[in-house]
Amino acid sequence: MAISLADFKEYRLNQEALQIANCESSLIPDVVVQDDGGSPRLGMFQFKTATYEWMGEKFNLPHTDPQNYLEAREIYKAARRAGIAKNHWVNCFRKLKLI
């Protein structure tokens, strides 16, 4: 049975999300980084709370816990589809040669 193009694209996006999460947090789901004097960055995708809430609302997705990988992954994927992910994960996009 052949895989559809839509399924293949979704698979690739899930793989990319995993690469970004690995780059950001070494896949540690409950990581908290407080390094800039501002609000902490949370979870595998290192979301700041305000950004997480903004993206969740923007894409009409659940956004209660940035340390929930599946929830955060869906927000990452929506940001990627919308073309704004590269602006929020600049260093990892460069490191992974996604831009």
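In what follows, the structure referred to is the one given above.
Cut-off values and rules
- Residues numbered from 1 in each chain as written.
- Predicted model: local features only at pLDDT ≥ 70, side-chain atom pairs only at ≥ 80, totals over all residues.
- Heavy atoms only, no water.
- Pairing = 2+ DSSP bridges.
- Helix = DSSP H or I, 4+ residues; strand = E, 2+ residues; numbered from the N terminus.
- Core = buried A, V, L, I, M, F, W, Y, C linked by side-chain atoms within 4.5 Å.
- Buried < 20%, exposed > 50% of the residue type's maximum accessible area, 1.4 Å probe, protein only.
- Contact = heavy atoms within 4.5 Å.
- Disulfide = S-S within 2.5 Å.
- Axes fitted to C-alpha atoms, helices over the stretch in contact; angles between N-to-C directions.
- Parallel < 35°, antiparallel > 145°, perpendicular 65-115°, else oblique.
- Left-handed = near helix turned anticlockwise from the far one by under 90°.
- Nonpolar A, V, L, I, M, F, W, Y, C, P; charged D, E, K, R; others polar.
- Phe/Tyr/Trp six-rings, centres within 6.5 Å; stacked < 30°, edge-to-face > 60°.

Q: Explain the sheet that holds strand β3 (residues 47-48) residue by residue, including any values.
A: Each strand in a sheet pairs with another by means of backbone hydrogen bonds, the pair being arranged parallel or else antiparallel. Taken together, 3 strands build an open sheet; the order of strands is β1-β2-β3 and the sheet is antiparallel. For this open sheet the edge positions go to β1 (32-33) and β3, each flanked by a neighbour on one side alone. As judged from the 2 bridges shared by strand β2 (residues 41-42) and β3, these two strands associate in the antiparallel manner. Paired with Leu42 across the strands is Phe47, a residue of β3.

Q: Break down the nonpolar core for me, citing the residues and quoting the values.
A: Burial of nonpolar side chains together is a common tendency in soluble globular proteins. One finds Ile20, Phe45, Phe47, Met55, Tyr76, Ala79 and Trp89 to be the most contacted residues of the largest nonpolar core, which totals 20 residues. For this core, the secondary-structure elements that each account for two or more residues are α1 (5-25), α2 (49-58), α3 (69-81) and α5 (90-95). For Tyr76, the contacting residues outside a window of four places in its chain are Glu16, Ala17, Ile20, Phe45, Phe47, Ala85, Trp89 and Phe93.

Q: Talk me through the state of the cysteines; I want residue IDs and the actual numbers.
A: Across all of its chains, the model carries 1 disulfide by this definition. Between Cys23 and Cys92 runs a disulfide, and the two sulfur atoms are separated by 2.0 Å. Taking the torsion about the S-S bond as the criterion, the Cys23 to Cys92 disulfide, at about -90 degrees, is left-handed. Separated by 69 residues along the polypeptide, Cys23 in helix α1 and Cys92 in helix α5 bring together distant segments of the chain.

Q: So what's going on with the packing of α1 against α3? Residues and values would help.
A: For the pair α1 and α3, interaxial distance at closest approach is 10 Å and the crossing angle is 110 degrees. Between α1 and α3, the interaxial angle falls into the category roughly perpendicular. The element α1 and its partner α3 pack so that their crossing is right-handed. Contacts between α1 and α3 pair Glu10, Leu13, Asn14, Glu16, Ala17, Leu18, Ile20 and Ala21 from the former with Tyr69, Arg73, Tyr76, Lys77, Arg80 and Arg81 from the latter. Its residues placed into classes, the contact of α1 with α3 shows 7 nonpolar, 1 polar and 6 charged.

Q: So what about the packing of aromatic side chains? Which residues, and what values?
A: Per the counting criterion, the structure on display carries 7 aromatic pairs. Pairing Phe45 with Phe47 gives two aromatic rings, centres 6.3 Å apart and planes at 50 degrees, and the pair type is tilted. Relative accessible area serves as the criterion here: at 0%, Phe45 is assigned to the buried category. Aromatic pair Phe45 and Trp89: ring centres 6.4 Å apart, planes at 75 degrees, arrangement edge-to-face. Of this pair, Phe45 sits in the loop between β2 and β3 while Trp89 sits in the loop between α4 (85-88) and α5, and the two are 44 residues apart along the sequence. Each member of the pair, Phe45 together with Trp89, is buried. Cluster of aromatic residues (ring-pair linked, three or more members): Phe45, Phe47, Tyr52, Tyr69, Tyr76 and Trp89.

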